[in-house]
Amino acid sequence: MLKLLFGAAALAVLGACAQQPAEPTREELVARGEYLVNNIGGCNDCHTPMTPQGPDMAKALQGSTLIFAPLVDMPWAPTAPSIAGLPANYTEEQLVAFMQTGVRPDGSRPLPPMPPFRLNEDDARAMAAYIATVPRTAE
């Protein structure tokens, strides 16, 4: 019984000493979001104009006419809107919620080819933080 008591006390002390991970800084969040947007999420495949060499990163996330379409008749969005600096009429929190649920702030869902993302909160926050930093270009 004494061993059990000492063991429980040792675990309690160790638990109290354990450090909680620090919240990422805004810069760390943006850097992680940049990686996710540009390497994992595929956002530039639709939201950035294409050149023969790939996305025109000078116009990153500025919106684009899609260069592909379905082979069968189906609901389809032929253009991808600009999301640079946040999509029109979205707050950063609304973009986080959209990337977690696939539902827009007005309750609608986007047409394909936009995937119905179900990101975890950390990834959604990082991506939204990065997207908010991408400058909008005047057209």
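Residues numbered from 1 in each chain as written. Predicted model: local features only at pLDDT ≥ 70, side-chain atom pairs only at ≥ 80, totals over all residues. Heavy atoms only, no water.

**What about the overall build of the chain?**
For the chain, the count of helices and strands is five helices and four strands. Helices and strands appear in the chain in the N-to-C order α-α-α-β-β-β-β-α-α. Buried positions account for 29% of the 139 residues belonging to the chain. Contacts in the chain between residues far apart in sequence, at least 24 positions, make up 49% of those at least 6 positions apart. Carbon and sulfur atoms form 61% of the exposed surface of the chain, whose accessible area is close to 9,300 Å². (Helix = DSSP H or I, 4+ residues; strand = E, 2+ residues; numbered from the N terminus. Buried < 20%, exposed > 50% of the residue type's maximum accessible area, 1.4 Å probe, protein only. Contact = heavy atoms within 4.5 Å. Areas by Shrake-Rupley, 256 points an atom, 1.4 Å probe, with all protein chains shown as cover.)

**Remarks on the packing of helix α4 (residues 92-101) against helix α5 (residues 121-133)**
Running from N to C, α4 and α5 point in directions that differ by 135°, and their axes come no closer than 9 Å. Overall, the two elements α4 and α5 adopt an arrangement that is oblique. Crossing of α4 over α5 shows right-handed handedness. From α4, Glu 92, Glu 93, Leu 95, Val 96, Met 99 and Gln 100 reach across to α5, where they touch Glu 121, Ala 124, Arg 125, Met 127, Ala 128, Ala 129, Ile 131 and Ala 132. (Axes fitted to C-alpha atoms, helices over the stretch in contact; angles between N-to-C directions. Parallel < 35°, antiparallel > 145°, perpendicular 65-115°, else oblique. Left-handed = near helix turned anticlockwise from the far one by under 90°.)

**What to know about the packing of aromatic side chains**
Across all of its chains, the model carries two aromatic pairs by this definition. Between Phe 68 and Trp 76 the ring centres are 5.9 Å apart and the planes differ by 80°, which places this aromatic pair in the edge-to-face class. A relative accessible area of 36% means that Phe 68 is categorised as partly exposed. When the ring of Tyr 90 is compared with that of Phe 98, the centres are 6.2 Å apart and the planes differ by 80°; the resulting orientation is edge-to-face. Residue classification places Tyr 90 among the buried positions, given a relative accessible area of 17%. Accessibility expressed as a relative area gives 9% for Phe 98, which makes it buried. (Phe/Tyr/Trp six-rings, centres within 6.5 Å; stacked < 30°, edge-to-face > 60°.)

**Digging into the packing of helix α2 (residues 26-40) against α5**
Between α2 and α5, the least distance of the axes is 7 Å, while the angle of their chain directions is 95°. Considering the angle they form, α2 stands roughly perpendicular to α5. In this structure, α2 uses Arg 26, Leu 29, Val 30, Arg 32, Gly 33, Glu 34, Leu 36, Val 37 and Asn 38 to contact α5, whose residues at the interface are Asp 122, Asp 123, Arg 125, Ala 126, Met 127, Ala 129, Tyr 130, Ile 131, Ala 132 and Thr 133. Considering only residue class, the contact of α2 with α5 consists of 10 nonpolar, three polar and six charged. (Nonpolar A, V, L, I, M, F, W, Y, C, P; charged D, E, K, R; others polar.)

**So, the pattern of salt bridges**
In a structure, side chains of opposite charge can pair up when their charged atoms sit close to one another. One pass over the structure, following the stated rule, counts four salt bridges. Of the charged contacts in the structure, one is a salt bridge between Glu 92 and Arg 26, with a shortest N-O distance of 2.9 Å. Remark: Arg 26 occurs in helix α2 and Glu 92 occurs in helix α4; sequence separation between them is 66 residues. Judged by its relative accessible area of 23%, Glu 92 is partly exposed. For Arg 26, a relative accessible area of 41% puts it in the partly exposed group. Residues Arg 125 and Glu 121 are paired through a salt bridge, measuring 2.9 Å at the closest nitrogen-oxygen approach. Placement of both Arg 125 and Glu 121 in helix α5 is noted, with a separation of four residues, approximately one turn of the helix. According to the relative accessible area criterion, Glu 121 is partly exposed, its value standing at 41%. The network of salt bridges with common partners includes Glu 93, Glu 121 and Arg 125. (Salt bridge = Lys/Arg side-chain N within 4 Å of Asp/Glu carboxyl O.)

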